[in-house]
Each structure stands twice: as structure tokens, then as C-alpha cells.
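# Structure assessment
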Amino acid sequence: MHSTIYEFSEQPISESRRATIDSLPEWFFQTVADSAADTDEITRAVQIRCLEQHFGDLCIRDGDQLRFVHDFKARYFRNSYPYFMAAVRALAKASYDMFSSIMPAPAFHAALNSVTESYADRFGFYVYDSDHAELLPMDAWLRTADLSKPYFVGSVIDYHGWMNTTHQCG
């Protein structure tokens, strides 16, 4: 599975100051990715276009600058919410024996994983927040970022994750 890490900052990022794979935290390679690679300028441009397509009309791009629409969060998370709620309902039916693994419960574990993945896909797009030197799944970053401000894209890093799914432009 290949996916992408996008570096975001509230200020423009010069090419010489962009994050590299050496900027990524160790935990990322221990839990999510088995490898990562810095991208060249052509691949960077293609992947930024991919991100623009991913956001669609929820984001306006001007070169390396992204501006999010005022109702971004209300619209962006709408599609994942029903999956989240379905998983929560399934978890609410779990008995203590299922929760404690006294009784094997594959459906419980699948629902628990579904809650996590519908909230923030840890094998999808990531944001390296260069202002705070922090790496977060895209959805987690979007929930905490002040989207009334424009953000600038710096580096774009390709990674190969442990999962057998793909989060790339087609």
C-alpha cells in the first residue's frame, strides 16, 4: 500500500527547508510504514494535484497554497460519519466478556477497528505539520487545524504501509 504525507505550514516553505523522510518520527516506521521516499518535483506536483482532487470543491488551491471553505468540516466528514456510528452501535452491544476477550469476539474487534479507521485512517494520507514538527493522519489534522487560515504545501513524501490497501490518485 502506497500513500502520501503532505507537509503543511501556515508560512510558505522554501525548497531547502522542506521536511524529508528524516523528519518523520520513529513511531511511524514502527506502526504504519515499512518505508518512505522523498519525491522529486514532478511527483510532488502530481501528488499535490491528487490532494486537490481529494478535497474537490472544499479547497481552493493557488500554487502551493490551500484555502479551505468555511464549512469544510461539516461537509468533509459527512461521508465517514455513518460508518463511525454503525461501528459505535456494534460496540455498544458488546458484553463484558467480549470486551475483556474472555469470549472470542472477532466482530467486536472488527467494530473497534472500524471506529478508529472511520475517525482517522492511519493508513491513508498524513500531514506533517512543520509548524509543530508533528505527523498526524490527515483526518486528525483536519479536525484540529484552524481551517480559516491558508496553508502552504511543502514536501510530499511517498510511503509504503503495512496494510494491503491503496490511497493514491488513480
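Structure shown above.
Let me begin by describing the structure that accompanies this report. (Residues numbered from 1 in each chain as written. Predicted model: local features only at pLDDT ≥ 70, side-chain atom pairs only at ≥ 80, totals over all residues. Heavy atoms only, no water.)

## With respect to the overall build of the protein chain
- Across its full length, the protein chain carries seven helices and seven strands.
- Ordered by position in the sequence, the α and β elements of the protein chain form the string β-α-β-α-β-β-α-α-α-α-β-β-α-β.
- Expressed as lengths along the three principal axes of its C-alpha atoms, the size of the protein chain is roughly 55 × 35 × 30 Å.
- The proportion of buried residues among the 170 residues of the protein chain is 39%.
- Sequence-distant contacts in the protein chain: of pairs separated by 6 or more residues, those separated by 24 or more amount to 71%. (Helix = DSSP H or I, 4+ residues; strand = E, 2+ residues; numbered from the N terminus. Buried < 20%, exposed > 50% of the residue type's maximum accessible area, 1.4 Å probe, protein only. Contact = heavy atoms within 4.5 Å.)

## Examining the environment of R17
- One can find R17 in the loop between β1 (2-9) and α1 (26-31).
- Residue R17 is classed as exposed on the basis of its relative accessible area of 69%.
- Expressed as a C-alpha distance, the spacing of R17 and S130, which sit 113 residues apart in the sequence, is 9.8 Å.

## Looking at the nonpolar core
- Of all hydrophobic cores here, the largest spans 27 residues; its most connected members are F8, F55, F68, F72, M138, W141 and L142.
- Contributing elements (two or more residues each) for this core: β1, α2 (41-55), β4 (65-68), α3 (72-76), α7 (138-144) and β7 (151-161).
- Not counting chain neighbours up to four residues away, the residues in contact with M138 comprise Y6, F8, L51, F55, Y76, F125, Y126 and V127.
- Counting 14 residues, the second largest nonpolar core, distinct from the first, contains A19, A36, F123 and Y128. (Core = buried A, V, L, I, M, F, W, Y, C linked by side-chain atoms within 4.5 Å.)

## Concerning the pattern of salt bridges
- Using the criterion set out here, one finds eight salt bridges in the structure.
- Between D57 and R75 there is a salt bridge whose closest N-O contact spans 2.9 Å. With a gap of 18 residues between them, D57 in the loop between α2 and β3 (59-62) and R75 in helix α3 connect regions that are remote in the sequence.
- On the accessibility criterion, D57 (56% relative accessible area) is exposed.
- Since its relative accessible area comes to 32%, R75 is described here as partly exposed. (Salt bridge = Lys/Arg side-chain N within 4 Å of Asp/Glu carboxyl O.)

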